Structure formats: C-alpha cells, structure tokens
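Descriptive structure summary
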Amino acid sequence: MTRKTKAAAKAASDAAAADLRTNVIYGGDCVQVMNSLPEKSVDVIFADPPYNLQLGGDLTRPDNSRVDGVDDAWDKFDSFAEYDRFTRDWLAAARRVLKDNGTLWVIGSYHNIFRVGAALQDMGFWVLNDIVWNKTNPMPNFRGTRFTNAHETMIWCSKSPDAKYTFNYEAMKSLNEGTQMRSDWSLPLCTGGERLKGDDGQKLHPTQKPESLLYRVLLSSTNPGDVVLDPFFGTGTTGAAAKRLGRQYIGIEQDPAYIAAAQRRIAAVEEVKDPSVLLTPSKRSEPRVPFGTVVERGLLQPGAVLTDASGRFSAKVRADGTIMSAEVRGSIHQVGAAVQGAPACNGWTFWHIQHGDTLVPIDMLRQKVRAEVNHTVQ
C-alpha cells in the first residue's frame, strides 16, 4: 500500500467514525446491527458469544441442589454446523466494521473456542495471543468425573499480519508491578456486589464477566477516546469498563432486561475528570536523556561507583559522562556489554547505585530528569 493509498484509507476510516453513534446500546440481532454501522469505524471489538455448552441435563451438587448453569435459548444450537454458520456470520460483520488497524477479542471455553479460532484464521484474522483467564474461584466439578474447569480462553487478533495495532506495553508492565504482563491472567469470577441480580434475587445473567477482565483488555489494546464494540453486550461489563477508562462504547444486545440493567449500570459509573491519568507514555516517546545529563545535573558525582544488581561487576563514573571498569571505558551500554561479554546491554537497567540500604537501577535518575523536563514543558 502506497503512502497516498494509506492516507486515503485513513481519511475514509475517519469519515466513517465521524458518522458513528457511540455510548449507545442497540437492541436486536448483532449481525444486522453491525452491518448497518459504517464500514471500518470501530477500533476494537470484544466479543463474548454464546458458548454452545451442549448441556446434557440438570447439574446438581452433592446435596442434590440444582446448579444455576447456562440453559438460556440463546446458547442452544441444533448442531456444530449451525454454530459454525452463526460464528462465521457475526465474524464477517465484525471484520467489516473493524478498522484496518483495529483488533478483535473473543472469549470462550473448551466448548467453542477452538471452532471460533479456526474460523478466525480461515477468514484472514491474524492471531496475536491466546490469553488464559485463570479463574481464582472456579465452580467445582460436582460430579467428580473430570478436571475442574478453571479457565477460559481469549483470542486476540488483528485483521492482517502487517496491521499496525495498538498494544500498550508500558501500561501492562506498570499494571504488573514492572514485570512484563504474561498471557495467563489470574482474576476472580464476577461475585459479590458486582454480580447483578434480578427481582428474584438470583443472578441476572449467567455468564457476567468481571469488570477487572475487561479493564485489562481495554487498557492493553485501546487508547482514550477509542470506540469499543461489543456485539454480545449482556449486562454491559464492556461499557462500564470503557466509560471508566475514557473510551467510547457501542453495545448490541437482544434481551431488553439485559439492556435495561446495562443502562443503569453504566449510568452509575463516574467518568475520570483528569484525562491525563488515563495515559501511560511509551518510553520511546519520552525525552531522550543522555547519561552525561545525569552527571552534569549533579545526580551522580564523578568517581561514583556503579555495580550490577549482584555486585559482580563495577565501574566508576567519569566527568564526561562515560564510565570505566577495570579494563573498558565507554558509555554505560558499551561497558555493561563488555563486562558481561554480551553483544548489547541496556546500561540504564544493568547498572545500579546504592540508595539507602538497597541497590536501585540508575534509570531512577533518568526518570527524575524526565520528570523535571515534563514539569517544565507543562
């Protein structure tokens, strides 16, 4: 695709988005509604389709009380072939309305997720990750005939292998206390006050997802202001998480009771008043800070000793912003690589200084300089 073609495609996508109604719940069939929306107009789709559980009768606990499982009509299909047709119909409609740089999430269980995954690949979607939602409080296997089903799977995919999709790596790393976020997420089922109840005191929706799950999905793959479409909206978990994070939502749902509950739920969510707290800047977008700046600002004195986290290697800071080990002089990156015999090294995270009773990466000093620069700019 040429630069001119890309520009034209972006202009068309922006025009479609401008004609889109957001923060709305449509009642009706998801395929029909999606086909009525402007083409390539939404940034992300999160889909929690029927699982086609194929239940073989009532499930009871050891005391013979009945388990309140999923026995609604919307989860019943006459055959796998019928379910496959349903899957391909809604995926085709979803692909049409999704922007070329957008992504699609689908959640399911072992009953359906493999069939959905095959359909996704057949239709040209490119799988980025499969995420395992490990339920910290799963329902037991009351019959004792198989392993307890303690997880569900989410497939995250782009429209093509070369799509420039959104992934907020730094936000996910921060959410995980500075460690890369893995593809296995341990989160509890929706329980307690978050679980919506009907007039009879029973749970309103049998498969209501926890908001923490959607929070992580949207924080990882959308930006503030992005449009998130949920074609199986249920009681509005996606809309509630979107509003909380400053995103826009479009919900599609057939059940009027679910729509009413979702509207009440979302209306109760308070929007963030300071949009800046929703952003996690990428390190690539932050001001470049040479190590020499840390030295000339007086945050490190010439002659200060740097070590690695284990204390095995050491180097002295020089006045010109280089460092010197017993055998090598150069930048923090060059010397870090040399002492390890490695081809490359991130000196900001490899080298440490004593801070009180602990060793901390010198990157702490770089962040201090960046904070001063950002404060001055503001």
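Residues numbered from 1 in each chain as written. Predicted model: local features only at pLDDT ≥ 70, side-chain atom pairs only at ≥ 80, totals over all residues. Heavy atoms only, no water.

In the annotation of an unreviewed UniProt entry, the entry for the protein chain reads Methyltransferase, and the organism field reads Novispirillum itersonii. As recorded by UniProt, the Catalytic activity (unreviewed entry) comment attached to the protein chain reads in full: "a 2'-deoxyadenosine in DNA + S-adenosyl-L-methionine = an N(6)-methyl-2'-deoxyadenosine in DNA + S-adenosyl-L-homocysteine + H(+)". UniProt, in the comment section headed Sequence similarities (unreviewed entry), describes the protein chain in these words: "Belongs to the N(4)/N(6)-methyltransferase family." (UniProt positions renumbered as here; feature names shortened; annotations may be inferred.)

So, about the overall build of the protein chain. A count of helical and extended segments in the protein chain gives 12 helices and 14 strands. Relative to its 378 residues, the protein chain shows a buried fraction of 42%. As displayed, the protein chain offers around 20,300 Å² of accessible surface, 50% of which is attributable to carbon and sulfur atoms. (Helix = DSSP H or I, 4+ residues; strand = E, 2+ residues; numbered from the N terminus. Buried < 20%, exposed > 50% of the residue type's maximum accessible area, 1.4 Å probe, protein only. Areas by Shrake-Rupley, 256 points an atom, 1.4 Å probe, with all protein chains shown as cover.)

On to the environment of Leu120. Along the polypeptide, Leu120 turns up in helix α4 (residues 113-122). Since its relative accessible area comes to 0%, Leu120 is described here as buried. For the pair Leu120 and Arg88, spaced 32 residues apart in sequence, the C-alpha separation works out to 8.2 Å. The contacts of Leu120, once residues within four sequence positions are left out, are Leu91, Leu104, Val106, Phe125, Ile155 and Cys157. (Contact = heavy atoms within 4.5 Å.)

This part takes up the nonpolar core. If you look at the biggest cluster of nonpolar residues, it comprises 33 residues, and the most contacted ones within it are Met34, Val42, Ile45, Trp90, Leu104, Leu120 and Leu229. Looking at which element gives the most residues to this core, the answer is helix α3 (residues 80-97), with 6 residues. Beyond its immediate stretch of four places on either side in the chain, Ile45 contacts Ala94, Val97, Leu98, Thr103, Leu104, Trp105, Leu229 and Pro231. Core analysis: the next-biggest nonpolar cluster, separate from the first, contains 29 residues, Leu214, Val217, Phe233 and Tyr249 among them. (Core = buried A, V, L, I, M, F, W, Y, C linked by side-chain atoms within 4.5 Å.)

Attention now goes to the sheet that holds strand β7 (residues 227-230). Pairing is mixed across the open sheet formed by 8 strands, whose spatial order is β1-β8-β7-β2-β3-β5-β4-β6. Sheet topology places β1 (24-27) and β6 (184-187) at the edges, where each strand pairs with a single neighbour. The sheet shows a mean angle of 20 degrees between the axes of neighbouring strands, taken without regard to direction. Bridge count for β1 against strand β8 (residues 248-253) is 4 bridges, and the pairing is parallel. Opposite Gly27, over in β8, you have Glu253 as the bridge partner. In the packing of α4 onto the sheet, the strands contacted are β3 (98-108), β4 (126-135) and β5 (151-158), and the crossing angle to β3 comes to about 165 degrees. (Pairing = 2+ DSSP bridges. Axes fitted to C-alpha atoms, helices over the stretch in contact; angles between N-to-C directions.)

With that out of the way, let us pick up a nonpolar patch on the surface. Together, Tyr165, Phe167 and Tyr169 make up a nonpolar patch on the protein surface, roughly 260 Å² of accessible area in all. The topology assignment puts Phe167 in the loop between β5 and α5 (169-175). (Patch = residues over 30% accessible without salt bridge, like charges linked within 9 Å, V, L, I, M, F, W, Y side chains within 5 Å. Salt bridge = Lys/Arg side-chain N within 4 Å of Asp/Glu carboxyl O.)

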